[in-house]
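This is what each chain is made of:
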Amino acid sequence: MTRYWIDASSVIWANRELFRLEDSPKYWAWLESKMTDGSVVTHKAVYDEIVKGADAERPDPIAVWVKNRKGAWCSYGCTDDSKILLGKISTYCWDKYGFEVAKNFLSDGDPLLIARAAVENGVVVTQESEHKAPRIPGICDYFKVQHMPLNKMNIKLQMKWE
């Protein structure tokens, strides 16, 4: 089974632009079913990024939704192999973009997500564009890690709801 490693941008974008929680509960129930069956997963650092908004003065509804669904789908940390690849990603970013730019990219969950997806032969799901660098698609391309936007993942997983 192919695992789809979802980035924070995809979850946030889906709620803001495509499937608002209050308007599309069937989509979110379908996505939750894919999280439960292990098709859609994330790195625990990405989970932590998303749920920060749940504890804000005005909680972000998607952050609350994700936080209320903590489970196996978001418990993936680093493995020895992903740590090795993370080192290569870090070196690549420092060499290509310089320390300050690389530091910003490397300080969140994105490189951890890419490295873990790569060693599992998974697919990174992101809404990031390649307009600014470094970004998930460019790093994935350089390290030959499959990536796609959320709508393509939905198609691959045969999105439907009853």
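Just so you know, these numbers come straight off a predicted model, no measurement behind them.

1. Here's the deal with the packing of helix H5 (residues 80-97) against helix H7 (residues 110-119)
- Here H5 crosses H7 at 130 degrees, and the two axes come no closer than 8 Å. When the axes of H5 and H7 are compared, the pair comes out oblique. Note that H5 runs across H7; the crossing there is right-handed. Along its contact with H5, which presents Asp81, Ser82, Leu85, Leu86 and Ile89, the element H7 presents Pro111, Leu112, Ile114, Ala115, Arg116, Ala118 and Val119.
- In terms of residue class, the contact of H5 with H7 is built from nine nonpolar, one polar and two charged.

2. Regarding the pattern of salt bridges
- For the structure shown, the criterion picks out nine salt bridges.
- With a shortest N-O distance of 3.6 Å, Asp37 and Lys34 are connected by a salt bridge.
- The exposure class of Asp37 is partly exposed, given its relative accessible area of 39%.
- Given a relative accessible area of 17%, Lys34 falls into the buried group.

3. Observations regarding the packing of aromatic side chains
- Scanning the model with the defined rule gives ten aromatic pairs in all.
- Between Tyr27 and Trp28, the aromatic rings sit 5.2 Å apart at their centres with planes inclined by 85 degrees, giving edge-to-face as the arrangement. With respect to burial, Tyr27 and Trp28 carry one shared label: buried.
- Centroid distance Tyr142 to Phe143: 5.0 Å. Interplanar angle 75 degrees. Geometry classified as edge-to-face.
- Ring-pair connections join several aromatic residues into one group, and the members of that group are Phe19, Tyr27, Trp28, Trp30 and Trp65.

Definitions and cut-offs
- Residues numbered from 1 in each chain as written.
- Predicted model: local features only at pLDDT ≥ 70, side-chain atom pairs only at ≥ 80, totals over all residues.
- Heavy atoms only, no water.
- Axes fitted to C-alpha atoms, helices over the stretch in contact; angles between N-to-C directions.
- Helix = DSSP H or I, 4+ residues; strand = E, 2+ residues; numbered from the N terminus.
- Parallel < 35°, antiparallel > 145°, perpendicular 65-115°, else oblique.
- Left-handed = near helix turned anticlockwise from the far one by under 90°.
- Contact = heavy atoms within 4.5 Å.
- Nonpolar A, V, L, I, M, F, W, Y, C, P; charged D, E, K, R; others polar.
- Salt bridge = Lys/Arg side-chain N within 4 Å of Asp/Glu carboxyl O.
- Buried < 20%, exposed > 50% of the residue type's maximum accessible area, 1.4 Å probe, protein only.
- Phe/Tyr/Trp six-rings, centres within 6.5 Å; stacked < 30°, edge-to-face > 60°.

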